[in-house]
Amino acid sequence: MLDIAFIRQNADTVRAAIKNKRCDVDLDALLDADRARRDGIVVVDAKRARKNQIASLIPKATKEERPTLIEEAKTIRTDIEKLEPELAAVVKTFDDLMLRIPSIPRPEVPIGAVEADNVEVRKVGTPRTFDFTPKDHVELCTHLGLVNWEGPRKFAGGRSYALIGMGALLELAVTRMAVDLLMARGLTLVTPPVMVRERALTGTGFFPGGREEAYAMEADELFLVGTSEVPLVSLHADDILEESALPIRYAGLSQCFRREAGASGKDTKGLYRVHQFTKVEQVIFGLPDEEAAEKEHYALLANAESLLEKLEIPYRVALACTGEMGIGVTRKHEVESWMPGRNAYSETHSCSTMGEFQARRSNIRVRKADGSLGFVYTLNNTAVASPRILIPILENHQNADGSVTLPKALVPYMNGIEKLTPR
RNA sequence: GGAGAGAUGGCCGAGUGGUCUAAGGCAGCGGUUUUGAAAACCGCCGACGGUGCAAGCUGUCCAGGGGUUCGAAUCCCUUUCUCUCCGCCA
């Protein structure tokens, strides 16, 4: 969410952001609602002021004066009772529109509509040249017995899967490796609730725009989160954090749930796009300062890259274009791992600076050293998401006989197992 | 799931219909004193909105929502959360 005063004063900037981010919201409707809201407040506040004035006069008034005052107060109350619902309706319109206004992309962000408009920043590692026909991860998982595909699809539906045996252990291993790396770099491990109220999703910017993406549990008015970013950011909703306590750096470990409502028919095969997965996510609360935020952003990015280096996976880093950024994001880097089965770099990490966007929605403030209050900046990045990360691990490290030689860093987490072979 | 007790500013805590512009304390900020610091003393000190060049004026907020009343932190209803006991349970 942006400051309405900022929106009024920078309407053109906001209009450009809406266009470039391909958001569906009517800025003029918002400005109209804002005007109507403020006009309404002036009228209602004047009535309320008189009402308060009369209420304070009555105890001091004589017996003779009282009936007149009470009469006037009753009239005013009737007026107010008529005006308040009208104002509330205007405010509701205003609030709904405010929630759909995107944050402003930073100047370095390329303007573009689709993935192809992202700007490559660097490539690290070289995709391996195979002297045999490499298998894709589906074949490898089947060959090595890492996944049960058919069972889950019968009782849990499409995009479901079960990791089995070494497959399940591999997920634990890579997850634990990520946790250890982040803890060593000063992040605090959190295993948060994954069932949350609507407020957490609105507060982090996933609602109202992404309502279709979330699983809802109607009976309890709870939603399953698609990332632990949601509970981690919400952990400090309504808090006033001391400047000295910042930055706060969390590593969230959770199951994530996504309906993939807009992806029907896309990536239905294998482990790439699934409804339920495990993710270690990095979340930062920092001072509202662009320079400090930039430093944190690149530290988060570096953590993800370290992970991929340990996993010996070639990857590339791209600066996402405006059309590929979420509503609240002001700068986003995507890290794409090389996946031989897709013959492409594909997204495994997403590193975002959100500015004050989430803090305004979730009411997360900082008391600065000079005593003033401000909103914090939030940032987030994937550390590792499984099973998607299993794809480049298996595909890049496969051998001609269908076995997989695990990257060295993973071996201790695999109880010393160096190679996956069919059992 | 059942019964009961609670929720007040950054924190603790008083406040059972008008004088609440929320006592008092802690923390914070400024000052006096001091070589410096501490202590003591004095003063300041909630958030958000509207309006205004500004000074100021004004509205809302005592967990959330609704109601009663000329007037609600206070009375009523409701939701959420916390605590105690019982039940169930990995």
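Preceding this paragraph is the structure being described.
The model shown is predicted, which means the values in this text are computed figures rather than measured ones. (Residues numbered from 1 in each chain as written. Chains lettered and ligands numbered in written order. Predicted model: local features only at pLDDT ≥ 70, side-chain atom pairs only at ≥ 80, totals over all residues. Heavy atoms only, no water.)

A. Seen up close, the overall build of chain A. Of the regular secondary structure elements, chain A holds 12 helices and 18 strands. Its C-alpha atoms give chain A principal-axis dimensions of roughly 100 × 45 × 40 Å. Considering only intrachain contacts with a sequence separation of at least 6, the fraction spanning at least 24 residues in chain A is 74%. (Helix = DSSP H or I, 4+ residues; strand = E, 2+ residues; numbered from the N terminus. Contact = heavy atoms within 4.5 Å.)

B. Examining the layout of surface pockets more closely. Its boundaries defined by the atoms lining it, the second largest pocket holds a volume of some 320 Å³. Lining of the second largest pocket is provided by 18 residues; of these, Leu 2, Ile 104, Thr 330, Glu 356 and Tyr 377 occupy positions nearest its centre. Residue assignment for the lining of the second largest pocket shows that the elements contributing at least two residues are β13 (344-355) and α11 (357-362). The greatest single-element share of the lining of the second largest pocket, amounting to three residues, is contributed by β13. Residues belonging to the lining of the second largest pocket are distributed by class as follows: nine nonpolar, four polar and five charged. (1 Å grid on protein atoms, 1.4 Å probe; cavity = no way out; pocket = protein on both sides within 12 Å on 5 of 7 lines; lining within 4 Å. Points joined across faces, edges and corners; volume = space filled by probe spheres on them. Nonpolar A, V, L, I, M, F, W, Y, C, P; charged D, E, K, R; others polar.)

C. Main features of the pattern of salt bridges. Applying the stated rule across the entire model yields 33 salt bridges. For Asp 3, the salt bridge goes to Arg 360, with nearest N and O atoms at 4.0 Å. Of this pair, Asp 3 sits in the segment before α1 (4-9) while Arg 360 sits in helix α11, and the two are 357 residues apart along the sequence. The partner of Arg 37 in a salt bridge is Asp 34, with the nearest N and O atoms 2.8 Å apart. Of this pair, Arg 37 and Asp 34 both sit in helix α3 (residues 27-57), three residues apart, which is roughly one turn of the helix. Of the residues examined, Asp 34 reaches a relative accessible area of 1% and is grouped as buried. (Salt bridge = Lys/Arg side-chain N within 4 Å of Asp/Glu carboxyl O. Buried < 20%, exposed > 50% of the residue type's maximum accessible area, 1.4 Å probe, protein only.)

D. Quick peek at the protein's contact with RNA strand B. Around RNA strand B, 20 residues are found, and the nearest of them are Asp 45, Ala 55, Ile 58, Arg 77 and Arg 197. In RNA strand B, atoms within 4 Å of the protein come 78% from sugar and phosphate. Here a sugar or linking oxygen of RNA strand B and a side-chain polar atom of Arg 48 are 3.0 Å apart. Measuring from a phosphate oxygen of RNA strand B, one finds a side-chain N or O atom of Arg 77 at 2.8 Å. Elements with a contribution of two residues or more to the surface near RNA strand B: α3 and α4 (66-98). For the surface near RNA strand B, the leading source of residues is α3, giving 10 residues. Residue classes in the surface near RNA strand B are distributed as 10 nonpolar, one polar and nine charged. (Near = heavy atom within 4 Å. Polar contact = N/O pair within 3.5 Å; in protein donor to acceptor, adjacent residues only side chain to side chain.)

E. Just unusual backbone geometry, in detail. Each neighbour pair has its own omega, and for Phe 207 with Pro 208 the value is 5 degrees, a cis peptide bond. Note the cis peptide between Ser 386 and Pro 387, where omega equals 15 degrees. Residue position: Pro 387 is located in the loop between β16 (377-386) and α12 (390-396). Positioned with a positive phi, Glu 221 is a non-glycine residue whose angle comes to about 50 degrees. Examined against the element boundaries, Glu 221 turns out to sit in the loop between β6 (216-217) and β7 (222-224). You can call Glu 221 exposed: its relative accessible area is 63%. Phi at Asn 415 is positive, roughly 55 degrees, even though this residue is not glycine. The topology assignment puts Asn 415 in the loop between β17 (404-405) and β18 (419-420).

F. Highlighting helix α5 (residues 137-144). For α5, the set of buried residues is His 137, Val 138, Leu 140, Cys 141 and Leu 144. Down the axis of α5, the buried set is contained in an arc of 165 degrees. They therefore lie on one face. Taken together, the buried residues of α5 touch β2 (147-148), α12, β17 and β18. Where α5 begins, the capping side chain belongs to Asp 136, and its oxygen is found 3.0 Å from the backbone nitrogen of Val 138. (Arc of directions from axis to C-beta.)

G. Region of interest: the nonpolar core. With 51 residues, the main nonpolar core has Leu 311, Ile 389, Leu 394 and Leu 420 as its most contacted residues. No other element matches the eight residues that helix α7 (residues 166-184) contributes to this core. Aside from chain neighbours lying at most four places away, what touches Leu 420 is Leu 144, Leu 146, Met 166, Leu 170, Leu 394, Ser 403, Val 404, Leu 406 and Met 414. (Core = buried A, V, L, I, M, F, W, Y, C linked by side-chain atoms within 4.5 Å.)

H. Looking closely at the sheet that holds strand β8 (residues 240-242). Pairing within the open sheet is mixed, and its three strands lie in the order β8-β14-β15. The sheet is open, and its two borders are formed by β8 and β15 (373-375), each paired with just one other strand. For this sheet, the mean angle separating the axes of adjacent strands, direction not counted, is 35 degrees. Examined bridge by bridge, β8 and strand β14 (residues 365-367) share three bridges and lie parallel to one another. Residue Leu 241 lies in a different strand from β14, and its bridge partner there is Val 366. (Pairing = 2+ DSSP bridges. Axes fitted to C-alpha atoms, helices over the stretch in contact; angles between N-to-C directions.)

I. Focus on α7. The terminal C-alpha atoms of α7, which comprises 19 residues, lie 26 Å apart, in line with the 27 Å expected from a rise of 1.5 Å per residue. Along α7, the residues that are buried comprise Gly 167, Leu 170, Glu 171, Ala 173, Val 174, Thr 175, Met 177, Ala 178, Val 179, Leu 181 and Leu 182. Where α7 terminates, the next one or two residues include Gly 186, which has phi positive at roughly 95 degrees. (Expected span 1.5 Å × (residues − 1).)

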